[in-house]
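Survey of secondary and tertiary structure
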Amino acid sequence: MPPQALRSLVSSLLSLTLTLTLADGLQQEAQGPGVTYNTQNSPVRPAFRKQPENSSVTEGEGARLECEVEPASGQVQWVRDGLLLGPTRDVPGFPRYSVAGSAAAGVFNLQIDSVQLEDDASFQCQVAQSPWAAGIVSRTAWLDVLVAPRVSLEVKRENGEGAESWVVGNEYIVQCTASNAKPTPNITFTKDGVAFSGSEATVMPGSKAKLFSTVSVIRIIPEIADNGKEVVCSVMNPALSAPITRVLVMNVLYPPEVPSIEGHRKQVAAGETLHLVCTSRSGNPLATLQWLKLGLQEDVVVSQKWEADIPTRSSRSFLSYRTQPEDDGVTLSCEALNEVTVTPLRAIITLNVLFPPHDVSILGSPTVIEGDRLVLSCVASSSNPAAQLWWYRSGRELSTTEVTHMDGGQGGVTTVSNVTFVTGRQDNGMTIVCEAVNEALFISQSVHVVINVHYPPERIWIQGPPRDSSFVVGSEVTLSCFTTGGNPPPDLHWRKGSTALPSGVYQSTGKLAMSKLTITAVASDNLADYQCSAKNPATRKPLAAVTRIRVQFAPIDMNITSAAEVVHKGELINLTCHTGSSNPVAEISWIRDGIRVAADWLKREEAEYGGVSLSAGMTITASPSDNGKRVTCEAYSAVLEDTVNSFYQLNILHRPEFLTDQVDVIPAQEHGAALLPIRISANPSDVTYTWSRNRHILGKAGKTRHHLNADGSLEIWNLTREDAGFYRIQVSNQEGESERLIHLDVKYSPQIYWISDPAEVDLGGSVELLCCVDANPLTSEMLGWIWMDEGRKLTDVIQVSVNNSARLQVNNVERSHAGSYQCWADNGIPPSASATAQLIVRFKPHVWKAVSLAKRAVSGDGSDSANLTCNAEGIPDVSFHWARNGVTLDLNNPRYLQETVHDGPVHTGLLRILNVTANLDYATFSCTAQNPLGLDTFHIELVSTGPPDPPTGLELVRKNHNAVSLAWDPAFDGGLPQTFQIRYKRADSLRHLYVDVYPPESGTFTVTGLVPGTEYNFSIRALNALGSSGYADSGRGLTVVTAEHPGQDPFPTESDHTPPPRPGDSTIPLLVTFLLLVILLNVGIAVSCVHRLRERREQAGKNDGSSSSEGGQCLQLNDYEDVTSVQTVSAESESEPRSIDNSYEEASSQPDHGPDPRSSEVTRGHPQPESGLQKGPGVPQLPGFGQSVLDGLYRFHRPDPELPAAGIYEDVSDEPHGKAPHCPPDRKDQRQGLPGRPGPGPGFCADDELFEMWGELV
């Protein structure tokens, strides 16, 4: 909402409030304080003591409107333009307004701070009415707000554009603007202090109400004298204490005066320097100066340098000008120009340059033939003034001359003088001089020539070899030609007959000249005329001399011609050999197939160059084998020992014929490409090739694998084995055709197309596996068989490979022969091939009869069910039949559920008995496995749950100096999860030590911490929740002697059992180090505890008057001691301060085994699982007993939460997470042979590694 509207709304609300207040409280106000009464006891009516007056105030100043009321009673408020401002001292909505004075004194002056234009209004002071008096209103007072103008001054041209400078003679408009003023201001102009009249003023509304803008203009035509004068605009209104002025300094532009040139002379010699000064006066701005050389086509700027002289108001330009001859008549101009000059102002001078001729020369040849006239011309180039010429002959002036003057350019004159006279031989070498003089400059130049008079030679002769000399072709022969006399010395030219020869080596001295010509003898030189001629410019007819030489040469050429151009097979070829001229005559013969043959006829005749030519003939019967062969004709010169020969290539037309090197068998490889080449001879060579196979034309246009090349060969792409075979090639030309068969042998990798799979045979029988392969080539060693189960080639059976088949004969088949057999084929061409055949050995059922499977325990109270498992191997599939105590079960009885599972040769028969009761179901159940080849029976005894049976087959796996690895066969577990405990002792000790096997279900364990070279006795028993078994092998135990020294170790060291590092196991070495430190700490604590317990026992013995025979011995780590006298501490109690020994000694009176669970030993520090041993009497139970800092660490290595805490054992198994391998149910009785225990046996898996656990009880 706009501020004005907001203030109006506030004032209306205040007025309404005031009215309501006065109406509701008239009575209270009549009786309230502040009411004045007169002497008649009547209230006195209020009146104005002072009323507001009209006033003027400048914008931004403060204003005060007075209002005083007497008596001071009632509500007083101000009204602005009819708007009530409210009765409060701080006027709401008007922060600059306030009511000043004391209300008690009746002073209500309106104070306005920083008056604004909006305060320009009418004001009234108003007293509200009361019950005893009517309201009163003061007179209206007007507050006149004065606003100072904003002044600007500018100059404009007639077109309204702004102007910064004034050009003399042009009219300009000077505009002074006083904007947004109140009241309208007064504007005046002055120029150089003189007032202007005739200004035109226009008043317009301002940007706000009550404001006005005034524009006043004057028109001025500047003169030169106005330059620098001030034009002043003065603005005044009541808001100003002094006028506002704006000043313009007139910058009047006017042209300069015409320039002048000083320093010029009428004449100047070329090469002198003129120092010229150009001056231009006046002008605003001062003129810029430049020097020009005026030309006919265009003016050339010479200089643009100038300087300004401000005090004298002039411009000067200095020019140093070096004159040249070409400057004669040149016009130099100095131009003056400023901003208001329409055309440049010029000062002009013309140069008159004096100069001598630049060049003096004599024209005409100074060479002349004896008796002829000599004409010479002397020319003096352009000169100012013209040059004068004089001739001198041997120092004497020649007066008979002809002089001519002509325009020489550059303002000068060229002078020409001619002289003529007749010469004789005596004038040869005479000097002629021409002199040119410029008289104005007094400068002369001269030039001369030497006369050369020519005359002919006098005599000529040739010197050469003796006339009877002969030269062989290629020899060098020298001829010398001499002349005497003549000027100049004559030129000597050689000719052979009518042919000009290159010039020889020329020499001259005095009157003698010589030319030596060296030639290399050729046949045409024989008896040829060699002529030498002498000539100079004065010779009318050349002098000449002639000589001859003799040359011996072989035939200069040879050619062979045939009587017929076209010869067919069987026709006669008549050849003629013709030799060129030779000297002496040569012998001619024919050569064919490297054999020299005598000519059929011979002819001799005279020839050129004085020699003899020969012709010889030969006749040949045309044969295709001769086509293209060469027949040579040879001419031999015995004198020269030189031979010339030529050949004729036989062209015999015949049909295409295959060459002897044509290949008939082409090897290639499948999936590759093959090229069937063609080797033929044919004339003409335009041959048509046609390939076909099985009467089908190959290589036709279109998308095909067969491509006919330009040479006739056939290219086949993407070969397949079907492409192998014979291809017919037919070749023909205009003489006939031929054909041939070419065999394509495609090699390809083997492919097995049949194999005996599967092959079945009864145990003990014989079987043959057959594998057939398709391949090229077929080799004797390309086929074979591999037994896949062994991964090696078979060597212990009969293998026979014949052609493309491989046979494998297996006799006396055993079960081990069953499995996969691979037939492989490799003929060297990749890829090799292989196929697999399954050999199935059929045999009668064999039931697994492990001791642990012969019993099954379950509660007989009818609440549980029993699952009897019968595993059998056999091929073909086995069926199972069940009997109870020899009586076949009625499987229709709902209490019996039977299921059979087949997994290859292993079959599982499952019998589930529901709601087992002791009376009905505790019996012997018989499982009979049967197939067409036979049957096998196994008996399973269903009994009640109880302690486990003793393990069997305890044996030594391996040992070293401080560790022994044992293995055993778990027996019947009593129907509950069982664990194992190893008991051992030294031969020289009566005390046994005990170790709990971990993992509990393992069948192997390694006991560590043994003494080297010491005999130990080991035994083992099984435990479950209902008790323990007797020790294995009736307690006899297993005697083992450890190795004497570590070097005797057949047993791997600890590092051998350290599993390879896995990603993320970088912390294991640090962890192992930490564990060793903790173990050592626990050892120390244990020793301390043992020592303290011993002291207490000794003290108790002394008190009781008795002692133990072994009380003074220190118990070793890993020791268990059966101590019945140790106090039992409740697991919940934490008040027992005494340390409890971590070992106990077996009392001699306690039996070695028995079903009593109270006699079961437990491993101290190892909480047993719920299904493990129960705590018996004498076993202490401490708060947190069995927990240690190691528990958390070992959990890091054993994340399986189901494994019991075994913090004191170090797991060195090769299996991940320390878990032992588990045998599948069908392999429980297959044991891998171990050191010291050969052959398979029950209790171990054939393929699993032995699980080892080394550790000590702390």
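Please read all numbers here as calculations on a predicted model, not as lab measurements.

A word on the state of the cysteines. Under the criterion given, the structure shown has eight disulfides. There is a disulfide in this structure between Cys 67 and Cys 125, and the S-S distance comes to 1.9 Å. Torsion about the S-S bond of the Cys 67 and Cys 125 cystine: about -70 degrees, corresponding to left-handed handedness. Of the two residues, Cys 67 is situated in the loop between β3 (63-65) and β4 (68-70) and Cys 125 in strand β9 (residues 121-127); the sequence distance between them amounts to 58 residues. Per residue, the accessibility class of Cys 67 equals that of Cys 125, and both read buried. With a sulfur-sulfur separation of 2.1 Å, Cys 870 is cross-linked through a disulfide to Cys 927. Because the torsion about its S-S bond is -90 degrees, the bridge between Cys 870 and Cys 927 counts as left-handed. Residue Cys 870 is found in strand β80 (residues 866-875), and its partner Cys 927 is found in strand β85 (residues 924-931); the two are separated by 57 residues along the sequence. The class for Cys 870 is buried, based on a relative accessible area of 0%. Judged by relative accessible area, Cys 927 falls into the buried class, the value being 0%. Free of any disulfide, Cys 772 has its nearest neighbouring cysteine sulfur in Cys 771, separated by 6.8 Å.

What follows concerns the sheet that holds strand β52 (residues 558-562). Spatial ordering of the open sheet is given by β52-β54-β58-β57, a layout of four strands whose pairing is antiparallel. In this open sheet, the two edge strands, each paired with only one partner strand, are β52 and β57 (601-606). Neighbour-to-neighbour, the strand axes of the sheet open up by a mean angle of 20 degrees, direction not taken into account. Taken together, the five bridges between β52 and strand β54 (residues 572-579) define a ladder with antiparallel strand orientation. Paired with Thr 561 across the bridge in β54 is Thr 576.

Bringing unusual backbone geometry into the picture now. With an omega of -5 degrees, the peptide bond running from Asn 384 to Pro 385 counts as cis. With respect to the helices, strands and loops of the structure, Pro 385 is situated in the loop between β34 (373-383) and β35 (388-393). The step from Asp 757 to Pro 758 runs through a cis peptide bond, and the omega angle for that step is -10 degrees. Note that Pro 758 resides in the loop between β70 (736-755) and β71 (759-762). Positive phi is not limited to glycine here, since Leu 527 has a value of about 60 degrees.

Attention shifts here to the packing of aromatic side chains. For the coordinates displayed, the defined rule picks out eight aromatic pairs. Seen in terms of ring centroids, Tyr 984 and Tyr 1016 are 6.3 Å apart; in terms of plane orientation they differ by 55 degrees. Their pairing is tilted. One end of the pair, Tyr 984, is in strand β89 (residues 979-986); the other, Tyr 1016, is in strand β92 (residues 1015-1024), and 32 residues separate them in sequence. One residue, Arg 425, lies across the ring of Tyr 455, its end atom 4.0 Å from the ring centre.

This brings us to the sheet that holds strand β42 (residues 459-463). Pairing is antiparallel across the open sheet formed by four strands, whose spatial order is β42-β44-β48-β47. Both outer strands of the open sheet, β42 and β47 (505-509), are each paired with one neighbouring strand and no more. On average, adjacent strands in this sheet sit at an angle of 15 degrees to one another, irrespective of strand direction. Examined bridge by bridge, β42 and strand β44 (residues 476-484) share five bridges and lie antiparallel to one another. Note on β44: the bridge partner recorded for Ile 460 is Thr 483.

Here Ser 280 shows up in strand β24 (residues 273-281). For Ser 280, a relative accessible area of 0% puts it in the buried group. Here the side chain of Ser 280 touches Glu 257 through a polar contact of 3.2 Å, landing on its backbone oxygen. The contacts of Ser 280, once residues within four sequence positions are left out, are Pro 256, Glu 257, Pro 259, Ala 287, Leu 289, Ser 314, Ser 315 and Ala 336.

Reading the values: the criteria
- Residues numbered from 1 in each chain as written.
- Predicted model: local features only at pLDDT ≥ 70, side-chain atom pairs only at ≥ 80, totals over all residues.
- Heavy atoms only, no water.
- Disulfide = S-S within 2.5 Å.
- Helix = DSSP H or I, 4+ residues; strand = E, 2+ residues; numbered from the N terminus.
- Buried < 20%, exposed > 50% of the residue type's maximum accessible area, 1.4 Å probe, protein only.
- Pairing = 2+ DSSP bridges.
- Axes fitted to C-alpha atoms, helices over the stretch in contact; angles between N-to-C directions.
- Phe/Tyr/Trp six-rings, centres within 6.5 Å; stacked < 30°, edge-to-face > 60°.
- Lys NZ or Arg CZ within 6 Å of the ring centre and 35° of its normal.
- Polar contact = N/O pair within 3.5 Å; in protein donor to acceptor, adjacent residues only side chain to side chain.
- Contact = heavy atoms within 4.5 Å.

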